[in-house]
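# Descriptive structure summary
Chain residues, written in single-letter form:
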Amino acid sequence: MDKLVSIIVPCYKQAHFLAQALESVLQQTYTQWECIIVNDGSPDHTATIAREWVAQDSRFRYLEKENGGLSSARNAGISISNGQLVLPLDADDILHSDYLSKLVPGLTQDEQLCIISCYTSFFTRSKQNTYFNLQPAGSTIINILYQNQLIATSLFYRSSWEDVGGYDEQMKTGFEDWEFWLRILKAENKSYKIVPEVLFYYRKSKQSMLVDTLTNHFESTKKYIIQKHPELYKSDFHNFTSVQFHYLETAKARENKIKNSMEYKLGRIILKPLRYIYSMMRKKK
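This section reports on the structure supplied with the text. The shown structure was predicted, so the numbers you read here are calculated from the model rather than taken from an experiment.

So, on to the overall build of the protein chain. Looking only at helices and strands, the protein chain has 10 helices and 9 strands in total. Along the first, second and third principal axes, the C-alpha set of the protein chain runs to 80 × 45 × 35 Å. For the protein chain, buried positions account for 45% of its 285 residues. For the protein chain, the exposed surface amounts to about 15500 Å²; the carbon and sulfur share of it is 54%. Across the protein chain, 35 positive and 31 negative side-chain charges occur, with their mean positions spaced 14 Å apart.

Structure representation (structure tokens):
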């Protein structure tokens, strides 16, 4: 018997994309699914769009809650789900019609797996306008210690979510899925699998959470993950120190490149009189 898949779609200020995401759910060739749309206190017309889809197909369900962030919304949706398998789907992304039909058997027919994922196409405006294919690799927890190889829209067992206590709701600046995968792989002592086909489409937006995380919260969020799972990094100490020093060396090289650039040198010359005036004003104080 096919297993029921609970597709969880949190939505916050993404009502203008929501219908596309839900249409990709409706077009799945694997039909044993339910889709829970979670309105995470969104101030737009998410409720109106969601209710239209609930009226259209009984497999769609709607949950409304106060804003609590992506982890909170996913946890809320999963908590009322009925499926043995769970698939998170952000409201601005799109599934290939064969996503479930290819990934569900891949996960359920291999007892050594607890997560399964696929290749991803990044797109703007429409999924036909793709500009980059993400082809992650690996299969064990070691492979995701330093770089997340699993997209957020990966398939896993609901029992795994229960075992690890769900997504970490303290993580509100990104990478919550990465930390979640680490906990599942650690708790289950199993592997993950990447299906080498593009079955998922990720919408690239200047205002996306991923862009914000990489720009403003990359170091602090990685620090949080490492300090939450020190035993994982201690057991891989040699690689851990190599990776950290690589980051330091890369940052130093980038800094030196900037300092040696003509723009930087010209800027120092232009600003030199202003720095002199500023120092004189400070001395008078």
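Helix H3 (residues 70-79) sits mainly inside the fold: 8 of its 10 residues count as buried. Listing the buried residues of H3 in full gives Ser71, Ser72, Ala73, Arg74, Asn75, Ala76, Gly77 and Ile78.

On to helix H4 (residues 99-108). Within the sequence span of H4, burial applies to Tyr99, Leu100, Leu103, Val104, Gly106 and Leu107. Take H4 and look down its axis: the buried residues cluster within an arc of 165 degrees, on one side only.

Applying the stated criterion across every chain, the model contains 11 aromatic pairs. Ring centres of Trp33 and Phe60 lie 5.2 Å apart, and the angle between their planes is 65 degrees; on these two criteria the pair is classed as edge-to-face. On the criterion of sequence distance, the pair formed by Trp33 in strand E2 (residues 33-40) and Phe60 in strand E3 (residues 60-65) is long-range, its members being 27 residues apart. Here Trp33 matches Phe60 in class, with each residue buried. Pairing Trp53 with Phe60 gives two aromatic rings, centres 5.4 Å apart and planes at 70 degrees, and the pair type is edge-to-face. For Trp53, a relative accessible area of 8% translates into the label buried. Seen from the ring of Tyr167, Arg74 lies directly overhead, with NZ or CZ sitting 5.2 Å from the centre.

A few words on the side chain of Arg158. Locating Arg158 in the fold gives a position in helix H5 (residues 158-164). When sequence neighbours within four positions are dropped, the list of residues in contact with Arg158 reads Ile78, Ser79, Ile80, Ser81, Gly83, Gln84, Leu85 and Val86.

Attention shifts here to the pattern of salt bridges. By the definition in use, this model includes 12 salt bridges. We note a salt bridge from Glu179 to Arg183, for which the minimum N-O separation is 2.8 Å. You can see Glu179 and its partner Arg183 sitting in helix H6 (residues 176-188), 4 residues apart, about one turn around the helix. For Glu179, a relative accessible area of 0% gives the class buried. Residue classification places Arg183 among the buried residues on the basis of a relative accessible area of 11%. For Lys186, the salt bridge is made with Glu231, and the minimal N-O distance between the two is 2.6 Å. Within this pair, whereas Lys186 is found in helix H6, its partner Glu231 is found in helix H8 (residues 230-234), the two being separated by 45 residues in sequence. Judged by its relative accessible area of 32%, Lys186 is partly exposed. Through salt bridges that share partners, Asp168, Glu179, Arg183 and Lys228 make up one connected network.

With 8 of 8 residues buried, E2 lies mostly within the body of the structure. Burial along E2 is two-sided: Trp33, Cys35, Ile37 and Asn39 facing one way and Glu34, Ile36, Val38 and Asp40 facing the other are all buried. With 7 bridges connecting them, strand E1 (residues 5-11) and E2 associate as parallel partners. Each bridged residue has a counterpart across the sheet, and for Pro10 the counterpart in E2 is Val38.

In this fold, Ala137 is placed in the loop between strand E7 (126-134) and strand E8 (155-157). Taking relative accessible area as the criterion, Ala137 reaches 45% and is therefore assigned partly exposed. Discounting chain neighbours no more than four positions away, the residues touching Ala137 are Gln149, Tyr192 and Ile194.

Attention now moves to unusual backbone geometry. Here the phi dihedral of Arg125 falls at roughly 65 degrees; this positive angle occurs in a residue that is not glycine. Here Arg125 shows up in the loop between strand E6 (113-124) and E7. Backbone geometry at Asn189 places phi at a positive 55 degrees, although glycine is not the residue there. Secondary-structure assignment places Asn189 in the loop between H6 and strand E9 (191-203).

Another point: the environment of Val86. Residue position: Val86 is located in strand E4 (residues 85-88). Each C-alpha atom, one on Val86 and one on Ile225, is 23 Å from the other, the two residues being 139 residues apart in sequence. Those residues in contact with Val86, other than ones at most four positions away along the chain, are Ser6, Ile8, Ile78, Ser154, Leu155, Phe156 and Arg158.

Criteria and thresholds
Residues numbered from 1 in each chain as written. Predicted model: local features only at pLDDT ≥ 70, side-chain atom pairs only at ≥ 80, totals over all residues. Heavy atoms only, no water. Helix = DSSP H or I, 4+ residues; strand = E, 2+ residues; numbered from the N terminus. Buried < 20%, exposed > 50% of the residue type's maximum accessible area, 1.4 Å probe, protein only. Areas by Shrake-Rupley, 256 points an atom, 1.4 Å probe, with all protein chains shown as cover. Lys, Arg positive; Asp, Glu negative; His and termini not counted. Charge placed at Lys NZ, Arg CZ, Asp CG, Glu CD. Arc of directions from axis to C-beta. Phe/Tyr/Trp six-rings, centres within 6.5 Å; stacked < 30°, edge-to-face > 60°. Lys NZ or Arg CZ within 6 Å of the ring centre and 35° of its normal. Contact = heavy atoms within 4.5 Å. Salt bridge = Lys/Arg side-chain N within 4 Å of Asp/Glu carboxyl O. Pairing = 2+ DSSP bridges.

Without other data, these values stay purely geometric and don't point to any function.
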